[in-house]
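Tertiary structure, described
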Amino acid sequence: MKFGKTFETLLTAEWRQQYMNYAELKAMIRRARELAPNPSNASNQQIANYYRDCEDEFFKVCDEELERVNYFFEEKLAEARRKYATLMIQMTAHHQPRDHNSATSIHKSIHDARHSRKDLKRLRLASSEFYLSLIILQNYQSLNLTGFRKICKKYDKHLNSTMGKRWFQTYALNADFTEDYELRRLIVGMEDLYTQHLANGDRSKAMQQLRVPPLGHKTPSTIIFCAGLFLGLFIVSSIICVISYFSLCDQPELLSSFVRIYRGPLSWIVYCFFISINVYIWQRCGINHVLIFEMNPRNHIQPASYLAIASSMGYICTLSMLLYLHHKEFGIDDPQPIPLTFIIVTTALFFNPIHIWNYPARMWFLSILGRVLLAPFFYVRFADFWLADQLISLVYCLVDHYQLGRFYVRYYSKREDAFDFEPDYVVAVILCLPAWFRMAQSLRRYWEVVVFSTIQRETNAGYENFFENPWFWGYIASATLSNIYQAIWDLLRDFGLFKVWQGENIFLRETLVYPKWFYYFAIWANTLLRFVWVLEFYMAYQEILTPYNCKTISGFCEITRRFIWNILRLEYEHLYNCGRFRATRDIHMTALNARQEEMLERLMDKSDNDVHKNRRRKQFNSDTQPPKIDKIYF
């Protein structure tokens, strides 16, 4: 792989604007070659003047790039020194021995013990994130230094010069950002602190917690193989399912129960496939979804793993479908336990506490789901309201699972209405739950829509068609206002569009990650899919499809809309992180007291003195003994 592509692959996306512009400098070299005067038509003086002008322009840009890289590195290093000193003070304070003799001290120690475990957890998390930020800064340092070396070597090669090598030796190697002593001291110091205070002196345990995946780490071939294998099996079994469904037209009761039982699980599987595509797009376009969702970068799963999960679940589901449709051929008299077995198996796999089947990812999802369910009692983070938004799009899937559970309760209770899948008032409550979870949106809007929808559905039996039902028009009015508001919110707040009203990016915004056409497509697709319920009513009124099948189409359209929404919503959040140069999670820690603040200032003063001494030593060495560059450069 060429260095230009490697550079783009390994850089930290949130700091993209602070890296040296390798692509621009490379383009300047290419233009200098292409526009060079022809020796047969130009004098030697003209050629010399041309290359001198190119040299002045090129190294002027190099100086500007070097200055920007230097400034950003010094800024981040100063932040790292202060963070390191703060963590060291807090770790020391956390492990200080306390006097437990007096009654007051005993009471205080009991109070402190209640918070000790939480503080220790925060210290571990803050330390691991800080260590990750140091490794990212080290990568920034080495990648920029390599970039300057490569571009100077390219300049000398293509323009037949030695100025690139001289500039690199004189300026780049003597720049402040190339000094790695301070950064290495912080990294080693953080490892020692973690080992001593948070790992009980066990260095191997400490490094296991602190380790960072190597840059450019590729997905293991085993995962890719499993994803491809299960995807192929799922596609083949899905085709067989479709053929089997249409070959059993003479059994309408079986097909009717089949659709009602499997619509919910199939919706989840389609959604999982969309999520795997979302993650692939985010990763391919440099959108750091791991940071946005505040996942642990040491054990997050790759897009291929998401695909493997979706494909394996889909394959199991289609096998269950085929067994349900052809149960008589397998000697099974009652097919109803088959879907129940599938649901129990998948639920057991998902909730099992054994460290298999992407255990960290499953626990992360369950923790976020718990925070959503208990939304009023927790601080709302991006992942929380993102998941609540997903539940809004999956609300009919939740209803299907409720009706599926109700069916099996009635079925095994031998009730005559077991196969009645009509909605009841519990469905109205379920429809309201995602709106409750999504506190950032108006609960009142959803409540009005759901109330009108429920009353309209329950009173339709007294009218020849639903247009004669007065409650229908209340539902239409509330749904229209709600969807207009939601569509505007999507475009302005969630996507951040319509910030530019002229020029090339008209109706969009200044910074774009995806191709421009996709944004215009997303504007239309998101808006139209918001109003797919209009098509649903039309098809039901014209009796093109049954109302249940219309709801099925509407549900899958909403899942598709959410897939498009996810692409743009994560991009907008990513641009926000880029604006703040935020590349790691912000962990809230207990504020320092006055004595600790004074200690922090002393430590920072000592650190600054050490830095100045090291720079003077570096300057002295560079003046008395010029560095040997040839081996490094070539």
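Above this text sits the structure in question.
Residues numbered from 1 in each chain as written. Predicted model: local features only at pLDDT ≥ 70, side-chain atom pairs only at ≥ 80, totals over all residues. Heavy atoms only, no water.

Brief notes about the overall build of the protein chain
Along its length, the protein chain carries 23 helices and zero strands. Counting every position in the protein chain, which comprises 634 residues, the buried fraction comes to 44%. A fraction of 74% describes how many contacts in the protein chain between residues 6 or more apart in sequence connect residues 24 or more apart. Looking at the protein chain as shown, the accessible area adds up to about 34700 Å², and 60% of this sits on carbon and sulfur atoms. (Helix = DSSP H or I, 4+ residues; strand = E, 2+ residues; numbered from the N terminus. Buried < 20%, exposed > 50% of the residue type's maximum accessible area, 1.4 Å probe, protein only. Contact = heavy atoms within 4.5 Å. Areas by Shrake-Rupley, 256 points an atom, 1.4 Å probe, with all protein chains shown as cover.)

Topic: a positive patch on the surface
Together, Arg-33, Lys-150, Lys-153 and Lys-157 make up a positively charged patch on the protein surface. Element by element, the count of residues in the positive patch is highest for helix α4 (residues 103–159), at three residues. Mapped onto the secondary structure, Lys-157 falls in helix α4. (Patch = residues over 30% accessible without salt bridge, like charges linked within 9 Å, V, L, I, M, F, W, Y side chains within 5 Å. Salt bridge = Lys/Arg side-chain N within 4 Å of Asp/Glu carboxyl O. Lys, Arg positive; Asp, Glu negative; His and termini not counted. Charge placed at Lys NZ, Arg CZ, Asp CG, Glu CD.)

A word on the environment of Leu-143
Structurally, the position occupied by Leu-143 is in helix α4. Leu-143 gets classed as buried once you look at its relative accessible area, which sits at 6%. Residues Leu-143 and Leu-11 lie 132 residues apart in sequence; the distance between their C-alpha atoms is 7.5 Å. Among residues more than four places away in sequence, those in contact with Leu-143 are Phe-3, Phe-7, Leu-10, Leu-11 and Tyr-19.

Topic: the packing of aromatic side chains
To describe a pair of aromatic rings, you give the distance between the ring centres and the angle between the ring planes. Within the structure shown, the criterion is met by 46 aromatic pairs. With a centroid separation of 5.2 Å and an interplanar angle of 75°, the aromatic rings of Trp-15 and Phe-72 are classed as edge-to-face. With Trp-15 in the loop between α1 (3–10) and α2 (22–34) and Phe-72 in helix α3 (residues 44–94), the pair connects residues that are 57 residues apart, well separated along the chain. A relative accessible area of 5% means that Trp-15 is categorised as buried. On the basis of relative accessibility, which here comes to 2%, the residue Phe-72 falls in the buried class. When the ring of Phe-58 is compared with that of Phe-59, the centres are 5.0 Å apart and the planes differ by 90°; the resulting orientation is edge-to-face. (Phe/Tyr/Trp six-rings, centres within 6.5 Å; stacked < 30°, edge-to-face > 60°.)

Details of the packing of helix α6 (residues 181–198) against helix α7 (residues 203–210)
Two elements in contact, α6 and α7, have axes separated by 9 Å at closest approach and are oriented at 120°. Taken as axis vectors, α6 and α7 run oblique relative to one another. Read as a crossing pair, α6 and α7 show a hand that is right-handed. The segment α6 lies against α7, with Met-190, Glu-191, Asp-192, Tyr-194 and Thr-195 engaging Arg-203, Ala-206, Met-207, Gln-209 and Leu-210. When its residues are assigned to classes, the contact of α6 with α7 shows five nonpolar, two polar and three charged. (Axes fitted to C-alpha atoms, helices over the stretch in contact; angles between N-to-C directions. Parallel < 35°, antiparallel > 145°, perpendicular 65-115°, else oblique. Left-handed = near helix turned anticlockwise from the far one by under 90°. Nonpolar A, V, L, I, M, F, W, Y, C, P; charged D, E, K, R; others polar.)

Digging into helix α5 (residues 163–172)
Every buried residue of α5 is accounted for by Gly-164, Trp-167, Phe-168 and Ala-172. Viewed end-on, α5 has its buried residues packed into an arc of 100°, placing them on one side of the element. (Arc of directions from axis to C-beta.)

Things to note about unusual backbone geometry
Positive phi is not limited to glycine here, since Phe-507 has a value of about 70°. Relative to the elements of secondary structure, Phe-507 occurs in the loop between α18 (470–494) and α19 (516–530). A residue is classified by how much of its surface remains accessible, and Phe-507, at 33% relative accessible area, is partly exposed. Of note in this structure, Glu-543 is not a glycine but carries a positive phi near 55°. Structurally, Glu-543 is set in the loop between α20 (532–541) and α21 (547–579).

Remarks on the pattern of salt bridges
Under the defined criterion, the tally for this structure stands at 17 salt bridges. Across the pair Lys-76 and Glu-79 runs a salt bridge whose closest N-O atoms are separated by 3.5 Å. Linking Lys-76 with Glu-79, this pair stays in helix α3, spanning three residues, or about one helical turn. Since its relative accessible area comes to 14%, Lys-76 is described here as buried. The partner of Glu-573 in a salt bridge is Arg-569, and the shortest N-O contact between them spans 3.6 Å.

Some words on the side chain of Thr-86
Secondary-structure assignment places Thr-86 in helix α3. Classification of Thr-86 by relative accessible area gives buried; the value is 17%. Here Arg-82 takes part through its backbone oxygen, which lies 2.8 Å from a polar atom of the side chain of Thr-86. (Polar contact = N/O pair within 3.5 Å; in protein donor to acceptor, adjacent residues only side chain to side chain.)

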